[in-house]
Every structure is written in structure tokens, then in C-alpha cells.
Amino acid sequence: MSRASHLSLVTGVPANEVDDAELARRLIARDPSFATEAWDRFAPMVQGLLRRALGPASETEDLTQEVFVRLCAKVATLQNHAALRSFVYSIAVRVLREELRRRKVKRWLRLTKTGDLPEAQAAASNPEGREALTHFHAVLDELGEKERTVFFLRHVEGLALADIGQACEASLATIKRRLARASDRIDSLMKRDPTLAAYLSKRGGDDR
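Rules of the game
Residues numbered from 1 in each chain as written. Predicted model: local features only at pLDDT ≥ 70, side-chain atom pairs only at ≥ 80, totals over all residues. Heavy atoms only, no water. Helix = DSSP H or I, 4+ residues; strand = E, 2+ residues; numbered from the N terminus. Contact = heavy atoms within 4.5 Å. Areas by Shrake-Rupley, 256 points an atom, 1.4 Å probe, with all protein chains shown as cover. Core = buried A, V, L, I, M, F, W, Y, C linked by side-chain atoms within 4.5 Å. Buried < 20%, exposed > 50% of the residue type's maximum accessible area, 1.4 Å probe, protein only. Phe/Tyr/Trp six-rings, centres within 6.5 Å; stacked < 30°, edge-to-face > 60°. Salt bridge = Lys/Arg side-chain N within 4 Å of Asp/Glu carboxyl O. Axes fitted to C-alpha atoms, helices over the stretch in contact; angles between N-to-C directions. Parallel < 35°, antiparallel > 145°, perpendicular 65-115°, else oblique. Nonpolar A, V, L, I, M, F, W, Y, C, P; charged D, E, K, R; others polar.

Peer 1: Can you help me understand the overall build of the chain in this one?
Peer 2: A count of helical and extended segments in the chain gives 11 helices and 0 strands. Residue pairs at least 24 apart in sequence account for 64% of intrachain contacts in the chain once pairs closer than 6 positions are excluded. When the accessible surface of the chain is totalled, it reaches about 10800 Å², and 51% of it is carbon and sulfur.

Peer 1: Quick question: what am I supposed to make of the nonpolar core here?
Peer 2: With 42 residues, the main nonpolar core has Leu71 and Leu84 as its most contacted residues. Looking at this core, the elements with two or more residues in it are helix H2 (20-28), helix H3 (32-54), helix H4 (60-74), helix H5 (84-102), helix H8 (145-155), helix H9 (161-168) and helix H10 (172-192). With near-sequence residues (within four places) excluded, Leu84 lies in contact with Asp20, Leu23, Ala24, Leu27, Phe42, Leu71, Val75 and Leu78. Phe136, Leu140, Leu189 and Met190 belong to the second-largest nonpolar core, a separate cluster that totals 12 residues.

Peer 1: What am I meant to see in the packing of aromatic side chains here?
Peer 2: Ring pairs (aromatic) are described by centroid distance and by the angle formed between their planes. In the structure shown here, the tally under the stated rule is 1 aromatic pair. On the basis of an interplanar angle of 55° and a centroid distance of 4.9 Å, the ring pair of Trp39 and Phe68 is categorised as tilted. Placement of the pair is Trp39 in helix H3 and Phe68 in helix H4, with a sequence separation of 29 residues. Looking at Phe68, the relative accessible area reads 8%, which means it is buried.

Peer 1: Just checking my understanding: could you explain H8 for this structure?
Peer 2: Structurally, the α-helix is built with 3.6 residues per turn, so residues lying three or four positions apart point the same way. Along H8, 8 of the 11 residues are buried, which leaves the element largely enclosed by surrounding structure. Of all the positions in H8, only Glu145, Glu147, Arg148, Thr149, Val150, Phe151, Phe152 and Leu153 are classed as buried.

Peer 1: Which parts of the structure should I look at to understand the pattern of salt bridges?
Peer 2: When charged atoms on two side chains of opposite charge get close, those side chains can pair. Considering all chains together, one arrives at 13 salt bridges under this definition. With a shortest N-O distance of 2.5 Å, Glu157 and Arg52 are connected by a salt bridge. Within this pair, whereas Glu157 is found in the loop between H8 and H9, its partner Arg52 is found in helix H3, the two being separated by 105 residues in sequence. A relative accessible area of 19% places Glu157 in the buried class. Taking relative accessible area as the criterion, Arg52 reaches 28% and is therefore assigned partly exposed. For Glu147, the salt bridge identified is with Arg181, shortest N-O distance 2.8 Å. Here the residue Glu147 occupies a position in helix H8, and Arg181 occupies one in helix H10, the gap between them amounting to 34 residues. Overall, Arg181 belongs to the partly exposed group, its relative accessible area being 42%.

Peer 1: Just to check I follow, could you spell out the side chain of Thr64 for this structure?
Peer 2: Tracing the sequence through the fold places Thr64 in helix H4. Once you skip the residues sitting within four places of it in the chain, Thr64 turns out to touch Trp39, Ala43, Val46, Gln47 and Leu50.

Peer 1: Help me out: how do you make sense of the packing of H9 against H10 in this one?
Peer 2: Working note: a packed helix pair is described by the angle between its axes plus the distance between those axes. Viewed as axis vectors pointing N to C, H9 and H10 meet at an angle of 100°, and their least axial separation amounts to 9 Å. Classified by the angle between their axes, H9 and H10 sit roughly perpendicular to one another. Of H10, the residues touching H9 (which contributes Leu161, Ala162, Ile164, Gly165 and Cys168) are Leu172, Ile175, Lys176, Arg178 and Leu179. Of the residues belonging to the contact of H9 with H10, the class tally is 7 nonpolar, 1 polar and 2 charged.

Laid out in C-alpha cells, this is it:
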């Protein structure tokens, strides 16, 4: 019997129609079939977050598994079962922050004059971009993990400030302060780095 058929027999509805609230309740009940369903539903989101933050060479599979180990251990504390996705995301952010504390971050993002941080494929064939990326790694390493996480969630993930606050378990005012500190620090360090200053100046001219 397939996993989908098994879930259908247990819940009375097809697996792909089990909403987050019901999935949370089944996880709390320690149903192993729904642990598999949770992985299928949320693992791509978690892996994407970790890969974008840490780079394609990072140990995202191990870190993703750690997120789901913690999910199974902590899901019983979730009061609003419908908020399961946000709960998983918050755990992933916590694991990310711990990883950022543990090692120097290996970034795979390149710069643009707007401060957006898009996919890195373009930098792979651009020696100048690769050099700028190396220098930008050094800039990011100057940030604390809290500021670095907020900067990433805002400018890479594109999260609203309120959502960042929820994911980082911090107030909106705290998130704004961290983001302002991170942005000011990055701006200052980039202007003092001749390679980054020249790279951004050239990109600004190219885009006009």
C-alpha cells in the first residue's frame, strides 16, 4: 500500500488534502506516516533556506534533518496547529543561526548596486564578480550572527519585518535595530574595501 493510501485510510481524506493543523495534530500523536508527510511538505522549504544562506556546498541535508528532529521533539508545544509551517521555519532559522555561530559563513551571493542578492550563477563566469564576492564574504564575516541572519532574511528571503521578528523570536523594534546595524556596518565596510567600491561603482555605471 502506498504512503498516500495509508494516510487516506487513517485520516479519511487524501494525503495531499491534510491541512497543516491536522498534520500538526498527527505529529503530536507520533504517527510515523505523518512524520514522512511533514518531511515531504516542508523539507524543500527548509533546504532552500539553508542552501541560500550557507551555499550549495554546505551540509544542508544534515542540517535539514536536525530541523525535523527538533520539530518532532517540540511540536507538542505548538499551540496554534494551523501555524505549523511558520513553526518549522522558525526552527530552521534557529538551526541556521547556530550554524552561523559555529563557522564562518560560505556565501554564494553576488552584489548588485541595489543591495539585492540574487542567484550566484552569473558570478561563476565573471572573474571580477568572483573577486568581489570573496571580499563580500569577508564583510559578512564582520557581522554578528543575529545581524547577519536578519540581513539575510530581509534581503535574500524577502521576508517582511514582522515575519522576521516571528522567525527570530524578537520584537519588531529589535529586528529594525539589528537590520539597521547590519546595513550600516556592511555599507561602511564595503566603502572602505577598494575592490567592492570599484565593483559597485562600475555596476552602477553599467546599469544607467
